[in-house]
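Architecture at a glance
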Amino acid sequence: MSADDVPLGPIDYLVVEFPSDARFDGSALAHLRDLVERDVIAVLDLVIVRRDAEGVVAIDITELGLDGDIDVSLFAEAASGLIGDDDLAEAAGVLEPGHAAAIILYENRWAAPFVGALSRTGAQVVASGRIPVTDLLAVLDR
């Protein structure tokens, strides 16, 4: 079986900023783990960075000192190598000094069968995008 025979879902990323006084309790990671376990997404990379006076510093997720009983091994192993130094610098550029960020690169596994079915008919996804939640809520007057 070649790589062409295995459909991939669309690949997305998130950069989530945490203020310097944020408390990492692991609750968001529990939701992320649930999505992985249900095969909705596959986390390809998860990098934690902090912006300080000298630039960006990578932080090992196992050293965050999370409260609670969350097993971070799944995320500590998410390192495809697709996020490079340029990506880290770009992400750090939007952070406030002293703040940290989680950079998550993930495959939308739920879409892989759909994309595969399209491909087998000769069709292909030629564009995708995302509407920011704030824009959507503004249109809906919420």
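Residues numbered from 1 in each chain as written. Predicted model: local features only at pLDDT ≥ 70, side-chain atom pairs only at ≥ 80, totals over all residues. Heavy atoms only, no water.

**What about unusual backbone geometry?**
The phi angle at Asp39 is positive, at roughly 60 degrees, despite the residue not being glycine. Within the secondary structure, Asp39 sits in the loop between helix 1 (27–37) and strand 2 (42–52). (Helix = DSSP H or I, 4+ residues; strand = E, 2+ residues; numbered from the N terminus.)

**A few points about the sheet that holds strand 3 (residues 55–59)**
Ordered by their spatial adjacency, 4 strands build an open sheet running 1-4-2-3, and the pairing between neighbours is antiparallel. Because the sheet does not close on itself, it has two edges, and the strands there are strand 1 (11–18) and strand 3. Across the sheet, the mean angle from the axis of one strand to that of its neighbour is 25 degrees, orientation sign disregarded. Pairing between strand 2 and strand 3: 5 bridges, direction antiparallel. Bridging across to strand 3, Val49 finds its partner in Ala58. (Pairing = 2+ DSSP bridges. Axes fitted to C-alpha atoms, helices over the stretch in contact; angles between N-to-C directions.)

**Details of the side chain of Asn108**
In this fold, Asn108 is placed in the loop between strand 4 (100–107) and helix 4 (112–120). Not counting chain neighbours up to four residues away, the residues in contact with Asn108 comprise Gly9, Pro10, Asp12, Val40 and Ile41. (Contact = heavy atoms within 4.5 Å.)

**Examining helix 3 (residues 85–93)**
For helix 3, the full list of buried residues reads Leu88, Ala91 and Ala92. Down the axis of helix 3, the smallest arc covering the buried residues is 100 degrees, so these residues share one side. Counted as exposed and oriented over 90 degrees from the buried face of helix 3: Asp86, Glu90 and Gly93. (Buried < 20%, exposed > 50% of the residue type's maximum accessible area, 1.4 Å probe, protein only. Arc of directions from axis to C-beta.)

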